[in-house]
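# What the coordinates show
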Amino acid sequence: MRISMFTCIVCVMLVAAAASAELAAPFNLRCEYRTNPLGIDVAKPRLSWNLSSEQRNQGQSAYQVLVSDCPNKLAAGTGDLWDSGKVDSDASIHVAYAGKALESHVACWWKVRVWDRDGKETGWSEPATWSMGALKSEDWAGAQWIGLDESETPGALLDALKKARWIWFDEGTPQSSAPVGERFFRATFELSDKQIQLAEGLVAADNEAILFVNGVRIGECSSFASADEFRFTEQLHPGKNVLAVAAKNVGDGPNPAGLIAAFRIEQVSSEPVVITTGENWKAQNAAQADWEKEATNDASWAAAKELGKYGMAPWKDTGANTGRVLPARMLRKEFDVEQPVRRATAYVSGLGLSELYVNGAKAGDAVLSPGCTEYEKRVFYVTYDVTSQVQAGKNTVGVMLGNGRFYAPRLQEPTATKTFDYPRMIAMLRLELADGSVRTIASDPTWKITTDGPIRANNEYDGETYDALREQAGWNKPGFDDASWRAASAVEAPKGAVCAQMAEPIRVTETRPPIGIANPKPGMYVFDMGQNMVGWCRLNVSGPKGATVQLRFAETTQDDGSIYLANIRGAKVTDRYTLKGEGVETYEPRFTYHGFRYVEVTGFPGTPTLSTLEGRVVHDDVKPAGSFRCSSPLVNQIASNIRWGTRGNYRSMPTDCPQRDERQGWMGDRSEECRGESYMFDIAALYAKWVCDMEDAQKENGSVSDVCPAYWPIYGDDVTWPSTFIIAPGMLYEQ
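Every chain is numbered independently, its residues counted from 1 as its sequence is written. Totals for whole chains, interfaces and linings use every residue, but because this is a predicted model, local features are given only for residues with pLDDT of at least 70 and side-chain atom pairs only at 80 or more, for both listing and counting. The side-chain figures draw on all heavy atoms in the structure; neither hydrogens nor water molecules are used.

This paragraph deals with the overall build of the protein chain. Counting secondary structure elements, the protein chain contains seven helices and 47 strands. In summary, the protein chain has a C-alpha radius of gyration of 30 Å against a globular reference of 27 Å for 735 residues, a match within 12%. Expressed along its principal axes, the backbone C-alpha trace of the protein chain runs to roughly 120 × 65 × 60 Å. Burial status follows relative accessibility: with a 1.4 Å probe on protein chains alone, a residue under 20% of its type maximum counts as buried, one over 50% as exposed, and anything between as partly exposed. Among the 735 residues that make up the protein chain, the fraction classed as buried is 54%. Surface exposure here means Shrake-Rupley accessible area, sampled with a 1.4 Å probe, where a residue is shielded only by the protein chains that are shown. With an accessible surface of roughly 30700 Å², the protein chain has 51% of that area assigned to carbon and sulfur atoms. This count recognises Lys and Arg as positive and Asp and Glu as negative, with His and chain-terminal groups excluded. Each charge is placed at NZ for Lys, CZ for Arg, CG for Asp and CD for Glu. Here the protein chain holds 76 positive side-chain charges and 94 negative ones, and the gap between their average locations is 2 Å. Each helix is a run of H or I in the DSSP string that is no shorter than four residues. Each strand is a run of E no shorter than two, and both are numbered from the N terminus. Each radius of gyration is computed over the set of C-alpha atoms, and the globule rule expresses the reference value as 2.2 Å times the number of residues to the power 0.38.

The following block contains the structure:
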């Protein structure tokens, strides 16, 4: 029989195709939805993987999973924690671990192979890992919640402001017409040697003011409609002290000018010292050297002119942003390591927001961490592998604490808001040493703390104020002199259980350059970032020491090119950076975020360029799950807008908006949207976390809040918004 060459070639091709039809080795291995997660607290974690084949209608018929406590054992094919054997199943998601009971802190390495529909075995996957967290409350033995609690007295402070007088330099009738320019004010007072517990003040000015205490610049305000709150406990001392204010009247010609302020100082076992503006203040129309310091002789200064009572025209009742201005806490602890470290793991719950540093380097790449929770039911800790950062000899661990939602950005506006307490933390650094022993560095009152660092204010609605002149170089490194820092206080633990954060953290996922700069007014520059985004801007600037650059954020502009802020409502959306005057300085905030396309820059020393700002895109780091493109540019743009708008509202919960004084986890906003967004992003872990928020916010009688976590506790007891309690879990199950 003669067989043609063509027939032979076809046969060879078919045989080759049959041989290569089997599945490729599994890939994209995940544990509890995540890639190589650290510190999980699920006793029997669920494992998942992906498959691919060049042949149609191919699939998995069986699998085998190996899990080991040592990567070398796993490479040798040993699953000493779990060897599932060959399991006849097509399951490739949520395969529950069924090996030896997993103890706290254990590191696990795993891999998987599968058999295709024809019974052909694939190769092993690349190895993946996970580690167990602190599974039992006893694991935190020796660690204490620490921080620095203060007494909130916004009512008393506002009452003091209502007793203050509007003042100005004596030049005509300033309340109706005063020359444009800067005027200077001082008030001296004496304090006893009793311990100072709290010093705070409210300052409002027409138009701008800078507050100094004993020569130290505390902060700025720029409104007569609402007084800004400042705290300055650490700037005071027994004996003579001075409050000094540089106030500026701005405009094209004479216009009303005034200053009003109230200050309240609490000392142990003493009545509060209350100081308000009035004719007892001194005033001057020109600055002299060291005018803001207590040693300056102000005998030649004139008495300030008293213009009238609080509530007078043209300013009427001045409101107050009280109780929500708080400097970031900085904590540190030094320790020695006398032998090699095999593994170093840090477990940190820093509320509301925190960043961990070991020997000067930040641990991990998360921002706005940990995630928001119903703090009375659950608080998150985050796990970090810091093995590479711990060194022989002296070491230092440092933590910065921000407010987040734990110390709420508002109390009553725009509605009643739950707040929980002052920032606090619990931490544990676990060192596995070369000799097999374990040493733990735990948070306790031997740690040092200060509120005198560079972050003078942080608020998710209002922004962050950063004074580089107050940086404390090396604070998170060994050898820093912390003699002026206080001992951290042991504080009350949050009511919620301490649990591992099981969803991906928030990260900076993209950096975008601006596409243009407008100059609508002298000294005002408006940057166009080219895209409505969520996050913040990184500022690059050089200039004189003490210069302050201000950034305000908006979604659109007005006809004159200035930013439009009416839709922002009460949020101040303002970041401020005071220069230290040392070459090119780079700053980006840690404990706030904004929704914006346009950025107004004022106070910039010189003329900014496109390289002055960089947009930093920030959201829960959910992976793409799909994409869309068609032949219509319009439809493609709409799809892009949906993608940007959806992911910009991931803030460890799906929120309604990222820009105004709201930013809440409204249930109804996502009832049906969740079914669509799951085709854009892998939201399984994020929504599983949000369903926990819903459960935690539910009342004993079954009532579910319209907002979860219930920072706005709105319990309507209907089935409109709360129906997401059923819809979202249904989406997770079906999709």
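Right, picking up where we left off after that structure.
The next subject is the sheet that holds strand 1 (residues 27-31). For two strands to be treated as a pair, DSSP must find no fewer than two bridges joining them. Spatially, 1-2-6 is the arrangement adopted by the three strands of the open sheet, whose pairing is antiparallel. Taken across any chain shown, the strands that pair with only one partner, and hence form the sheet edges, are strand 1 and strand 6 (95-96). Here three bridges tie strand 1 to strand 2 (residues 46-50), and the two strands are oriented antiparallel to one another. The residue of strand 2 that forms the bridge with Arg-30 is Ser-48.

It is worth spelling out the nonpolar core at this point. By nonpolar core we mean a set of buried residues, namely Ala, Val, Leu, Ile, Met, Phe, Trp, Tyr and Cys, connected to one another through side-chain atoms within 4.5 Å. Counting 46 residues, the largest nonpolar core has Phe-185, Val-203, Leu-236, Phe-263 and Trp-281 as the members making the most contacts within it. For Leu-236, the contacting residues outside a window of four places in its chain are Phe-189, Leu-191, Ile-196, Ala-199, Val-213, Asn-214, Asn-241 and Ile-265. Residues Leu-539, Tyr-587, Phe-596 and Val-617 belong to the second largest nonpolar core, which totals 40 residues. Contacts: residue pairs with any heavy atoms within 4.5 Å of one another.

The span one expects for a helix is its residue count, reduced by one, times 1.5 Å. The end-to-end C-alpha distance of helix 4 (residues 633-647) is 21 Å, a good match for the 21 Å that 15 residues give at a rise of 1.5 Å each. Burial in helix 4 covers these residues: Asn-636, Trp-644, Thr-646 and Arg-647. Residues of helix 4 that are buried make contact with strand 38 (506-512), strand 40 (524-541), strand 47 (613-620) and helix 5 (673-677).

This part covers the environment of Arg-34. Looking at the secondary structure, you find Arg-34 in the loop between strand 1 and strand 2. For Arg-34 and Leu-634, which are 600 residues apart along the polypeptide, the C-alpha to C-alpha distance reads 35 Å. Here a polar contact is recorded for every N or O atom pair within 3.5 Å, except that within protein the pair must consist of a potential hydrogen donor and a potential acceptor, and residues adjacent in sequence are included only if both atoms are side-chain atoms. In terms of polar contacts, Arg-34 uses its side chain to reach the side chain of Glu-504, at 2.8 Å.

Here the focus is the packing of aromatic side chains. Aromatic pairing here means that ring centres of Phe, Tyr or Trp (its six-membered ring) are within 6.5 Å. Orientation follows from the plane angle: under 30 degrees is stacked, over 60 is edge-to-face, and everything else is tilted. Here the structure, examined in full by the defined rule, presents 29 aromatic pairs. Centroid distance Trp-291 to Trp-301: 6.5 Å. Interplanar angle 25°. Geometry classified as stacked. Of the two residues, Trp-291 is situated in the loop between strand 19 (282-284) and strand 20 (302-303) and Trp-301 in the loop between strand 19 and strand 20; the sequence distance between them amounts to ten residues. For Trp-291, a relative accessible area of 8% translates into the label buried. When the centroid spacing of 5.7 Å and the interplanar angle of 70° are considered together, the rings of Tyr-357 and Trp-475 count as edge-to-face. Here the residue Tyr-357 occupies a position in strand 25 (residues 353-358), and Trp-475 occupies one in the loop between strand 34 (463-467) and strand 35 (486-487), the gap between them amounting to 118 residues. Accessibility assignment for this pair places Tyr-357 and Trp-475 in one class, buried. These aromatic residues form a ring-pair network of at least three members: Phe-184, Phe-212, Trp-291 and Trp-301. Lysine and arginine charges are scored as sitting over a ring when NZ or CZ, respectively, is within 6 Å of the ring centre and within 35 degrees of the ring normal. The ring of Trp-301 has Arg-186 lying over it, and the distance from NZ or CZ to the ring centre is 5.9 Å.

Between Asp-206 and the following residue, Asn-207, the backbone shows a cis peptide bond with an omega angle of 20°. Here the amide bond leading from Cys-708 into Pro-709 is cis, since omega sits at -5°, within 30 degrees of zero. If you trace the backbone, Pro-709 turns up in the loop between helix 6 (684-697) and helix 7 (724-734). Residue Asn-36 is not a glycine yet carries a positive backbone phi of 50°. Within the fold, Asn-36 resides in the loop between strand 1 and strand 2. With relative accessibility at 38%, the residue Asn-36 sits in the partly exposed group. With phi around 50°, Asn-214 is a residue other than glycine that occupies positive phi space. Checked against the element boundaries, Asn-214 lands in the loop between strand 13 (208-213) and strand 14 (216-221). The buried category is assigned to Asn-214, whose relative accessible area is 11%.

On to the pattern of salt bridges, then. Note on definitions: salt bridges are taken to be side-chain nitrogens of Lys or Arg within 4 Å of carboxyl oxygens of Asp or Glu. Using the criterion set out here, one finds 55 salt bridges in the structure. Lys-73 is the partner of Asp-69 in a salt bridge, and the nearest nitrogen-oxygen pair spans 3.4 Å. Residue Lys-73 pairs with Asp-80 through a salt bridge whose shortest N-O separation is 3.3 Å.

Moving on, we come to the pairing of strand 44 (residues 574-578). Counting buried positions over the five residues of strand 44 gives five, a clear majority of the element. A two-sided burial pattern is seen for strand 44, the buried positions comprising Thr-574, Arg-576 and Thr-578 on one face and Asp-575 and Tyr-577 on the other. Summarising the sheet, strand 34 and strand 44 pair through three bridges and their orientation is parallel. Residue Thr-465 lies in a different strand from strand 44, and its bridge partner there is Arg-576.

To continue, consider the sheet that holds strand 16 (residues 239-249). The six strands are arranged 14-13-16-11-19-20 in an open sheet whose pairing can be described as antiparallel. One side of each edge strand has no neighbouring strand; the edge strands of this open sheet are strand 14 and strand 20. One ladder, built from two bridges, connects strand 19 with strand 20; its direction is antiparallel. The residue bridging Ala-283 from the neighbouring strand is Ala-302, located in strand 20.

Here we take up the pairing of strand 29 (residues 393-402). Of all ten residues making up strand 29, eight are buried, and the element is well covered by its neighbours. Relative to strand 29, strand 23 (residues 329-337) is paired through nine bridges, and the arrangement is antiparallel. Pairing of Phe-335 across the sheet is with Asn-395, part of strand 29.

Time to look at the packing of helix 6 against helix 7. Between helix 6 and helix 7, whose axes approach to 10 Å, the crossing angle comes to 150°. With respect to helix 7, the axis of helix 6 lies roughly antiparallel. Considering the relative orientation of helix 6 and helix 7, their crossing is left-handed. On the side of helix 6, the interface is formed by Ala-684, Tyr-687, Ala-688, Trp-690, Val-691, Met-694 and Glu-695, while helix 7 contributes Thr-724, Phe-725, Ala-728, Pro-729, Met-731 and Leu-732. Here the residues of the contact of helix 6 with helix 7 are counted per class, giving eleven nonpolar, one polar and one charged. In this description, a line fitted to the C-alpha atoms serves as the axis of each element, helices being fitted only across the stretch in contact, and the angle between N-to-C directions of two axes falls anywhere from 0 to 180 degrees. In this scheme, roughly parallel covers angles under 35 degrees and roughly antiparallel covers those over 145, while 65 to 115 is roughly perpendicular and the rest are oblique. Note: crossing handedness is left-handed where the near helix turns anticlockwise from the far helix by less than a right angle, and right-handed where it turns clockwise. Just so you know the grouping, Ala, Val, Leu, Ile, Met, Phe, Trp, Tyr, Cys and Pro go in nonpolar, Asp, Glu, Lys and Arg go in charged, and all remaining residues, Gly too, go in polar.

Before going further, it helps to examine the environment of Ala-442. Position of Ala-442 among the secondary structure elements: in strand 31 (residues 438-442). When the C-alpha positions of Ala-442 and Val-348 are compared, they lie 10.0 Å apart, and in sequence the two are 94 residues distant. Look past the residues within four positions of Ala-442 in its chain and what remains in contact with it is Gly-142, Ala-143, Ala-427, Met-428 and Trp-447.

Our next topic: the side chain of Arg-410. The residue Arg-410 is located in the loop between strand 29 and strand 30 (424-433) in this model. The class of Arg-410 is buried, set by a relative accessible area of 11%. Polar side-chain contacts of Arg-410 include one of 2.7 Å to the side chain of Asp-462. Apart from the residues within four sequence positions on either side, Arg-410 is in contact with Arg-324, Thr-417, Asn-459, Tyr-461, Asp-462, Gly-570, Ala-571 and Lys-572.

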